[in-house]
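Coordinate analysis (summary)
The chain contents come next:
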Amino acid sequence: MDKLLNHTAAHILAYAVKNIYPNVKLAIGPATDSGFYYDFDFPTPIKDDDLPKIEAEMARIIKSDFAVERKEMTRTEANRFLTKNKEIYKVELLQDIAKGEPISFYTIGNFTDLCKGPHVNHIGKIKAFKLTQITGAYWRGSEKNKMLTRIYGVAFAKKSELDEYNAWQEEIKKRDHNKIGRELGFYTSSDLVGQGLPLFMPAGATILRVMQRFVEDEETRRGYLHVKTPSFAKSDLYKVSGHWQHYKDSMFVMGDEVLDEDVRALRPMTCPMHILIYKNDLHSYKELPIRYAETAKQFRNENSGEMHGLIRLREYTLSDGHIVVRPDQIPQVIDECLDLANYMLKVLHMENDVTYRLSKWDPENKEKYIDNKAGWEWSQDEIRKCLVQNKLKFYEADGEAAFYGPKIDIQAKNIYGKEDTLFTIQLDFALAEKFGLTYIDENGKKAKPYIIHRSSMGCYERTLAMLIEKTMGALPLWLSPTQVRVMSITNAQDEYCDQVKAELLAAGFRADSDLRNEKIGLKIRETTMKKIPYLVIVGAKEQTAGTIAVRTREGQDLGTMTVVDLVSRLTQVVKEFN
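Here the structure is a predicted model, which means the values were calculated and not measured.

Observations concerning the packing of aromatic side chains
Both the distance between ring centres and the angle between the ring planes are used here to describe each pair of aromatic rings. By the definition in use, this model includes 17 aromatic pairs. Seen in terms of ring centroids, phenylalanine 81 and phenylalanine 105 are 5.5 Å apart; in terms of plane orientation they differ by 85 degrees. Their pairing is edge-to-face. In this pair, phenylalanine 81 sits in helix 3 (residues 75–84) while phenylalanine 105 sits in strand 5 (residues 103–108), placing the two residues 24 residues apart along the sequence. Judged by relative accessible area, which is 27%, phenylalanine 81 ranks as partly exposed. On the basis of relative accessible area, phenylalanine 105 is assigned to the buried category, the value being 1%. Where tyrosine 187 meets phenylalanine 200, the ring centres are 5.9 Å apart and the plane angle is 45 degrees; that geometry is what we call tilted. Taken together, the positions of tyrosine 187 in strand 9 (residues 187–188) and phenylalanine 200 in strand 10 (residues 199–200) put the pair 13 residues apart, joining distant regions of the chain. A relative accessible area of 2% places tyrosine 187 in the buried class. Cluster of aromatic residues (ring-pair linked, three or more members): Tyr21, Tyr38, Phe40 and Phe42.

Set out below in C-alpha cells:
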C-alpha cells in the first residue's frame, strides 16, 4: 500500500464527509498497512448505505485535482482556528504536540486539517479508491471515551490495483474463519453471553479436545509435568508478581480496594501459580530444569474494537508452560522450546507461514516494564544468540516484551494481513526473585533460578482460526470433528450403515451416519459442504458383498473396499500427517 496516497485519501474522505454532514466533528485519519481510515463524531449515526454517497463526493473532489498545500501555524493560531471551527478532538490533539515541534496544516481545496503529513502533492494521483466498512472506535482507544464512527478505505495509483484488491477481498470472504467456523457449526456467539466469548458446539469442542490431547501427550513425552491451577486469585498474588502494577487495566477485577473488599482477579496468565507450585518444595540443582505445563483458561479485558472471531478473545485456552532453570541451562532449554514450537508448526503444516520476532523492552516506558537495564540487555542478548544459533531469520521490535522479560514471538498473519502472535518463548529474569525462588546448588548453597515461559500450541482458539483460514475449513483428517460419514442409498441399508459406523468408531475414528430418506446426491453434496474428509456410500450391492464405496470430500472416487481396508487407509493418512 502507498501510504502517502492513502493518507491523502483519508483527508479527501474527511473533506467529503464535511461537505455532506457540516456538523460532523473530525478526530484522526491515518494511513495504515492496509489502506486508511478516519474517525468521526456524527450528530446522527450513519450506515453502510451512506458509503456510496460519500464515495461519489470523494470522486467529485478528486476530479478537481487540487494541490495539497502545507502551512505552519503558531500554537495560538492553530488553537484559534480549530476552536473557531468547533473541532474539539483536534484541539485535544494540538495539546499533544510537543513544544518546539512544528504545527502543520494541510489544505485541499477549501478543506484544511491539522496533520503532521506527509501527502502527495496533487490529489489527482489517486486513480482508484473504495470505502470498505464502517465500525465503531473509542476516541483514543479507551472505553472510557466516546464511541466514534470509523470509516475504512483503500486508495490506489492505478485502477488495476483496485481490481486486484477486489479479487483479494473475494478470496478473504472464502477464507474468513469467522464465517467458515460458524457455517461448519464449530462455534457460535450470543449477545446474552458477550463479545469475545464464543460458544463452541460439539464439532468445535471436538477439534479443541483433539488438539489439547495431542499437545499434552507430546509435552509428556518431552518431560513436562502437568498441573492444574485456579482461574482466579487474590490481588495479593498479582501484586507480588507485578501484574497488578503493569497489567491491571487488562484484567477482570472483582471487588473494590477502596471499600477494603477482598479483591480478586481472573488470571491473565498462570505463571504466578506455577511459581508457587515450584516454591512448595525444596529443589536441588540436579532436578533442574523442572517443566510445568497446563492447558489453562485465561482472561484478558480486550477492547471491543480489537476482537474478531477467534483471533482475539476475552476468555481463551492456552497451552501454557513454565520451566525453572539454572543459568547454565538457559540456551539448551530455549532451544528445546523452539524445537517444540517448530514441531507443532510442522504438524499443522504452518512452518512456512510464520516469522520470528525478538520482542524487547522500551527503556523509556517505566510504567510498562521493570526498570532493570542490565537484566534487559543480558536477557535480550541470550535470546538473540539462541535465534542466531538456530539459524532462524528474525526481526527485533522495541516495546513488545512482557513486563518481566524479552521473548521470542512466532508471528503469523491472518487473511486480513494483520499479524498476531501464535507461540511465545519468554526469558524471565525478574519473577523468580520477586517470589524468592531458590535451588540448592552443587556447593550446598541457595542459588537463584530463572524462569522460561513458553506455549507449545499457543492459544488454541487463535491457532484454530489460522488453520481454518489456511484450509478454508477442510481440516486435516486427524483434526476433523467428523472424519467419516456413512450414507445409505435406501433405508434398506440402514442397519448395515450402523454396523459400518460402529466398526469405524471401534477402530478409533470419529464417524456418523446419514440415514435420511433423501437422494444420495443430496447427501453427498451436503457432506462435502461440511468438509468431512471421507464419504462412505452403501447400497444394496455393497450390503450384499459386505463392502463399502468410498470417496473423498475433494470428489476422488476410491472405489469399493472393506471397512478394514478403510481403517488401514485412514490410519496411514493420520500417521503421515503427524
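Description of the pattern of salt bridges
The full count for this structure, using the stated rule, is 41 salt bridges. Here aspartate 163 ties to lysine 159 by a salt bridge, and the two come within 3.3 Å at their closest N and O atoms. A residue pair is termed a helical-turn pair when its members lie 3 or 4 positions apart in one helix, as aspartate 163 and lysine 159 do in helix 5 (residues 159–175) at 4 residues. Exposure remark for lysine 159: the relative accessible area of 53% places this residue in the exposed category. When the shortest N-O distance is used, the salt bridge between aspartate 512 and arginine 485 registers 2.9 Å. Taken together, the residues aspartate 512 in strand 25 (residues 511–514) and arginine 485 in strand 24 (residues 484–488) connect sequence positions 27 residues apart. Several salt bridges converge on common partners, so that one network encompasses Lys360, Asp381, Arg384, Glu396 and Asp398.

About the cut-offs
Residues numbered from 1 in each chain as written. Predicted model: local features only at pLDDT ≥ 70, side-chain atom pairs only at ≥ 80, totals over all residues. Heavy atoms only, no water. Phe/Tyr/Trp six-rings, centres within 6.5 Å; stacked < 30°, edge-to-face > 60°. Helix = DSSP H or I, 4+ residues; strand = E, 2+ residues; numbered from the N terminus. Buried < 20%, exposed > 50% of the residue type's maximum accessible area, 1.4 Å probe, protein only. Salt bridge = Lys/Arg side-chain N within 4 Å of Asp/Glu carboxyl O.

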